[in-house]
Amino acid sequence: EAQVTQNPRYLITVTGKKLTVTCSQNMNHEYMSWYRQDPGLGLRQIYYSMNVEVTDKGDVPEGYKVSRKEKRNFPLILESPSPNQTSLYFCASSFDGNTIYFGEGSWLTVV
Amino acid sequence: SQQGEEDPQALSIQEGENATMNCSYKTSINNLQWYRQNSGRGLVHLILIRSNEREKHSGRLRVTLDTSKKSSSLLITASRAADTASYFCATRTGNQFYFGTGTSLTVIP
């Protein structure tokens, strides 16, 4: 089954404790991206990647890092999480840069 | 921000009625897409309309695009309770995607 898988789905962490949200897709898509969704603000793109070893900043990259060492994986790293990074995070991928396939989301709470 | 905006923010209709939601965006685009999100779940792609197209249909969905006004509308005909969800427009500019703030649709059985 074609899918984008992200883990963990739910996480409560403390300020400053580094965490990684993993993302994997099995569709051989070149384009992958991360979004955060906040009430009243819709989805905002954090980072995107056009292919292996190619990453670019989206609208809200501050406080986040990504890497794209393999085509299927695109982890999101929060080096020092802060409460304003409490959000619902989505990983997504696309074959042609048009239709986007989303993961089920990761609820992150930073206390 | 290049984010789009949907209008209305919330819409409540009876089953069988049509639902129309609008999207406005700010910059020139390659295409515009509409997505659906059930509460707390991932978004699901519904339909894409290219910048040189004016109207597109897919099943009960009809999308229009007016690039001169930088706006789009999504019409869902003969709505069903299962259509209850949030709907987002998304525009592509270069390699970036910009999502609107969404319209929350409730279809009352």
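Since we're looking at a predicted model, the values are computed, not measured. (Residues numbered from 1 in each chain as written. Chains lettered and ligands numbered in written order. Predicted model: local features only at pLDDT ≥ 70, side-chain atom pairs only at ≥ 80, totals over all residues. Heavy atoms only, no water.)

Q: Tell me about the environment of Gly97(A), and please be specific about residues and values.
A: Tracing the sequence through the fold places Gly97(A) in the loop between strand 9 (87–94) and strand 10 (101–102). Residues Gly97(A) and Leu41(A), spaced 56 residues apart in sequence, show a C-alpha to C-alpha distance of 23 Å. In contact with Gly97(A), other than residues within four places in its own chain, are Arg92(B) and Phe97(B). (Helix = DSSP H or I, 4+ residues; strand = E, 2+ residues; numbered from the N terminus. Contact = heavy atoms within 4.5 Å.)

Q: Requested: an account of the pattern of salt bridges, with residues and values cited.
A: Counted according to the given criterion, the structure contains nine salt bridges over all chains. Taking the shortest distance from any N to any O, the salt bridge between Asp38(A) and Arg44(A) comes out at 2.9 Å. Here Asp38(A) matches Arg44(A) in class, with each residue buried. Linking Glu104(A) and Arg41(B) is a salt bridge whose minimum nitrogen-to-oxygen distance equals 2.4 Å. In this pair, Glu104(A) is assigned in the loop between strand 10 and strand 11 (106–110) and Arg41(B) in the loop between strand 4 (31–37) and strand 5 (43–50), connecting two distinct chains. (Salt bridge = Lys/Arg side-chain N within 4 Å of Asp/Glu carboxyl O. Buried < 20%, exposed > 50% of the residue type's maximum accessible area, 1.4 Å probe, protein only.)

Q: Please set out the packing of aromatic side chains residue by residue, giving values where relevant.
A: In the structure shown here, the tally under the stated rule is nine aromatic pairs over all chains. With 5.9 Å between their ring centres and 15° between their planes, Tyr31(A) and Tyr48(A) make a pair best called stacked. A residue pair is termed long-range when its members are at least 10 positions apart, and Tyr31(A) in strand 4 (residues 31–38) and Tyr48(A) in strand 5 (residues 42–51) qualify at 17 residues. Like Tyr31(A), the residue Tyr48(A) is buried in the burial classification. Where Tyr64(A) meets Tyr89(A), the ring centres are 5.8 Å apart and the plane angle is 65°; that geometry is what we call edge-to-face. Of this pair, Tyr64(A) sits in the loop between strand 6 (54–57) and strand 7 (65–66) while Tyr89(A) is found in strand 9, placing the two residues 25 residues apart along the sequence. Judged by relative accessible area, which is 1%, Tyr89(A) ranks as buried. Taken together through their ring pairs, the aromatic side chains of Tyr35(A), Phe90(A), Phe102(A), Tyr35(B) and Phe99(B) make up a single cluster. Positioned over the ring face of Phe74(A) is Arg68(A), at 6.0 Å from the centre of the ring. (Phe/Tyr/Trp six-rings, centres within 6.5 Å; stacked < 30°, edge-to-face > 60°. Lys NZ or Arg CZ within 6 Å of the ring centre and 35° of its normal.)

Function cannot be read off these values alone, since they describe shape.
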